[in-house]
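Survey of secondary and tertiary structure
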Amino acid sequence: MIGLSRPQSVRLAAVLTVLLTGYSTVNAAAAAQQSASTPASSPVAAQVPSAAAVVEVAPGVYFAQGAVGEPDPANRGRIGNAGFIVGPDGVIVVDTGTSYQQGAALLDAIRRVTPLPVRLAIITHARQEFLFGAAAFQQQGIPVAMQRSAADLMRSRCEQCLANLQHLLGDREMQGSKVIKPDIEFEHSYTLGVAGRTVDVLYFGHSSGPGAVAVLDDMSGVLFAGGLADQHRVPDVQDADLEGWLQALQQLQVLPIATVMPGHGGAASPAVLSEASQYLSQLRTRVLKLLDTGAALSDVPDAAMLPAYAGWDQYQTIHRRNASVLFLRYERGRLFDEPLGKH
Amino acid sequence: MNTKIKRMTLLKTTICTFLLAGATALGTTAHAEILSGENPEASPIWQKVRASLFQGRPIAAASDDILTLDAPDRAYDAAIVPIAIKTRLLQSGPRRIDKVYLIIDNNPSPIAAEFHFTRLSGRADLETRVRVDEYTHVRAIAETDDGRLYMATRFVKAAGGCSAPPGKDAQAALATLGKMKFRVEPPATDGQPVLAQLMISHPNNSGLAMDQSTRLYTPSHFVREVRVTFDGQLVMSADVDFSISENPNFRFYFQPPGDGELRAEVVDSHDLHFATSLKYRSPSQ
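**Some thoughts on the overall build of chain A**
The helix and strand tally for chain A stands at nine helices and 12 strands. Restricting to contacts in chain A with at least 6 residues of sequence separation, those with at least 24 account for 70%. Summing over all exposed atoms, chain A offers an accessible surface of approximately 13,000 Å²; the carbon and sulfur share of this is 54%.

The following block contains the structure:
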């Protein structure tokens, strides 16, 4: 496994076991009450409005797909994907949704699937639609884990994101949401065994964002890509180290991955990883060319159009912004004689 | 030069005080207009700025054959909003543009820049990047050498630019403080004005941005004046303030009479002086 240190993962697993023992009984009891009637192997639709709609994409691996577009009152801001992995000993959750309510809806969905305790919720990266739901998990005593740099980024900016979301979606929708304090902040890739199923948390350094991780379920080969790949949606370079991101995607492509659950968009084949690489490479080539020809910043969004991606979600917004963001970054890099990857 | 800067500062301080008083008295109608961008003439801040800078002088709406102003309707990054001022009068012609004012009504200091152009400017165009703190009217007002005023207005939806944290950490920014780079684009046809870009490494701290880790405000420190000369003759000068984005960037033209030295001198609010120059060779020689 990439950069995986076994002694470390063992130590971490031990820490987790200590952390988790206290919570499992409570969860199991609560879950058992609700989930007895739901067969574990079929797609689970929202049977009451509060439970998130989830699909079983591989045995024991569930996916909750977010809405297309930007956050607005109609989609309740729920534009990020989430999912969970059910093992013989418990459940691991990947991403928590945009609000306390969405987090609670995910928990409801889990309880419809299994009475097993939720061992851990991992937040893959510090963007609003993946993290404010964590409050609902912590309230149930479920520990929340993030890579340290992602946690740092969350601390530095997410109070503001929360205020913006409260303004956009209303206090009622965002009720109970808060910038959580992660229970676990890890540094490196590691393997989780707490659910009785091998799940790898993969960290490649600064890629799509500081502290962005992907989560791979070994048995099914399902990869939760988090911020590292979207399906049919323009990747956002604002938080990214582009070179680091391209390298991470390259490393992911050699892993035994059967299916990718992207951060946004639907379940996809592993080709979604190379598609993301291609987009990022083409964007970089185009922006560097604009810089070479002395383009003005005001002309950059129009001049950077890549029609091959015109059908992707957020092409008119994120793509245009991406071009300006990279242009400024490279321009500054040249002013300070920095290599491409640094910013 | 310093006296002039002090005068500008004083003028701006006075205006700011007026504005704050005016802003609290804003009625709901005026507030709605600010949010929607309707009726730019009614902007109370503009009324104050106008009285201070131009007294009762008439200001014509600029037709496209005199002056245009480009700015995004909705900015991607409120801390770096590109602004392009394009003029159509030739600086070598019988009537030329003497000054262009850039006003951002709802910024803490609305007079973002005052550019001075000469015959050597060739064309009084200017492109730069600004911070936008609230939804605002942005105005370019050109003053011709015969004393007439023309205004082009755009409404920009962006917020938080003046209080956005800088893109680089303070230590790194300090290490390259004042480093400058010229880029010159020879014209397609010889004898046409030459496009130049001046990039300045400077945090241009507004004093309004909080450092998220220390929870302290970063003290203001920004570029005050830019003077560009060609063989000692003034091409363009700019009195600017913290409405200009981090790492100030100016694109402008110059009309070289032949080979010579293009030089930029910059003074910041700590009275630090920076300079850079470039040997320009006309492409036909």
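**Quick notes on the environment of I80 of chain B**
Relative to the helices and strands, I80 of chain B resides in the loop between strand 2 (67-70) and strand 3 (81-87). For I80 of chain B, a relative accessible area of 23% translates into the label partly exposed. Along the backbone, I80 of chain B and V132 of chain B are 52 residues apart, and their C-alpha atoms lie at a distance of 8.0 Å. Leave out the neighbours within four places in its chain, and I80 of chain B touches L297 and L328 of chain A together with R129, V130 and S245 of chain B.

**Some words on the pairing of strand 12 (residues 259-262) of chain A**
Residue and element names in this part refer to chain A. Pairing of strand 11 (residues 222-226) with strand 12 involves four bridges; the strand directions are parallel. Counterpart to G226 in the pairing with strand 12 is P262. Following the chain from strand 11 across helix 6 (residues 242-253) to the adjacent parallel strand 12, one finds a crossover that is right-handed.

**Details of the sheet that holds strand 6 (residues 126-130) of chain B**
Residue and element names in this part refer to chain B. With respect to topology, six strands assemble into an open sheet ordered 2-3-6-15-10-9, the strand pairing being antiparallel. The open sheet has two edge strands, strand 2 and strand 9 (180-185), and neither has a second partner. Direction aside, neighbouring strands of the sheet carry axes that sit 15 degrees apart on average. Two elements, strand 6 and strand 15 (residues 249-254), share two bridges in a ladder whose sense is antiparallel. What sits directly across from L126, in strand 15, is F252.

**Section: the pairing of strand 5 (residues 111-117) of chain B**
Residue and element names in this part refer to chain B. Of all the seven residues making up strand 5, six are buried; the element is thus mostly covered by neighbouring parts of the structure. Here five bridges tie strand 4 (residues 97-104) to strand 5, and the two strands are oriented antiparallel to one another. Residue pairing in the sheet places Y101 in a bridge with E114 of strand 5. Linkage of strand 4 to strand 5, two consecutive antiparallel strands, is achieved through a turn of six residues. With five bridges connecting them, strand 5 and strand 14 (residues 233-240) associate as antiparallel partners. Each bridged residue has a counterpart across the sheet, and for A113 the counterpart in strand 14 is V240.

**Section: the environment of N75 of chain A**
Residue and element names in this part refer to chain A. Structurally, the position occupied by N75 is in the loop between strand 2 (61-64) and strand 3 (82-87). Taking the C-alpha atoms as reference points, N75 and V300, 225 residues apart in sequence, are found 31 Å from one another. Setting aside residues up to four positions removed in sequence, N75 forms contacts with A67, V68 and E70. For N75, the side chain forms a polar contact with the main-chain oxygen of E70, separated by 2.8 Å.

**Focus: the packing of aromatic side chains**
Under the definition given, this model contains 13 aromatic pairs over all chains. Look at Y309 of chain A and W312 of chain A: their rings are 4.7 Å apart centre to centre, the planes differ by 70 degrees, and that puts the pair in the edge-to-face class. Owing to a relative accessible area of 7%, Y309 of chain A belongs among the buried residues under this scheme. With relative accessibility at 11%, the residue W312 of chain A sits in the buried group. Relative to F117 of chain B, the ring of F115 of chain B has its centre 6.4 Å away and its plane inclined at 35 degrees; by these criteria the two rings are tilted.

**Thoughts on the confidence of the model for chain A**
Within chain A, residue pLDDT values average 87, and 84% of them lie at 70 or more. Taken together, the stretch residues 1-49 of chain A has pLDDT below 50 and engages in 70 contacts with residues farther than four places along the chain or on a different chain.

**Some remarks on helix 9 (residues 315-335) of chain A**
Residue and element names in this part refer to chain A. Between its terminal C-alpha atoms helix 9 stretches 29 Å, which fits the 30 Å expected from 21 residues at 1.5 Å a residue. Across the 21 residues that make up helix 9, a large majority, 18, are buried. One or two positions beyond helix 9, positive phi appears at D337, with a value near 55 degrees.

**Looking at the interface of chain B and chain A**
Listed by partner, the interface residues are 23 residues for chain B and 23 residues for chain A. Where chain B touches chain A, the interface holds two salt bridges. Joining chain B to chain A, the criterion identifies 10 residue pairs in polar contact (both at pLDDT 80 or more). The element contributing the most residues to the side of chain B that touches chain A is strand 9 of chain B, with four residues. Looking at the side of chain B that touches chain A, its residues break down into seven nonpolar, seven polar and nine charged.

**Here we look at the packing of helix 6 of chain A against helix 7 (residues 271-292) of chain A**
Residues and elements named next belong to chain A. Taken N-terminus to C-terminus, the directions of helix 6 and helix 7 make an angle of 155 degrees; their axes are 9 Å apart at the nearest point. By the angle between their axes, helix 6 is roughly antiparallel relative to helix 7. Regarding helix 6 and helix 7, the two cross each other, and that crossing is left-handed. Touching L242, E243, W245, L246, L249, L252 and Q253 of helix 6 are L273, S274, A276, S277, L280, S281 and R284, all from helix 7. Its residues assigned to classes, the contact of helix 6 with helix 7 shows eight nonpolar, four polar and two charged.

Calculation rules
Residues numbered from 1 in each chain as written. Chains lettered and ligands numbered in written order. Predicted model: local features only at pLDDT ≥ 70, side-chain atom pairs only at ≥ 80, totals over all residues. Heavy atoms only, no water. Helix = DSSP H or I, 4+ residues; strand = E, 2+ residues; numbered from the N terminus. Contact = heavy atoms within 4.5 Å. Areas by Shrake-Rupley, 256 points an atom, 1.4 Å probe, with all protein chains shown as cover. Buried < 20%, exposed > 50% of the residue type's maximum accessible area, 1.4 Å probe, protein only. Pairing = 2+ DSSP bridges. Right-handed = clockwise from strand over helix to strand, strands pointing away. Axes fitted to C-alpha atoms, helices over the stretch in contact; angles between N-to-C directions. Polar contact = N/O pair within 3.5 Å; in protein donor to acceptor, adjacent residues only side chain to side chain. Phe/Tyr/Trp six-rings, centres within 6.5 Å; stacked < 30°, edge-to-face > 60°. pLDDT = per-residue confidence, 0-100. Expected span 1.5 Å × (residues − 1). Salt bridge = Lys/Arg side-chain N within 4 Å of Asp/Glu carboxyl O. Nonpolar A, V, L, I, M, F, W, Y, C, P; charged D, E, K, R; others polar. Parallel < 35°, antiparallel > 145°, perpendicular 65-115°, else oblique. Left-handed = near helix turned anticlockwise from the far one by under 90°.

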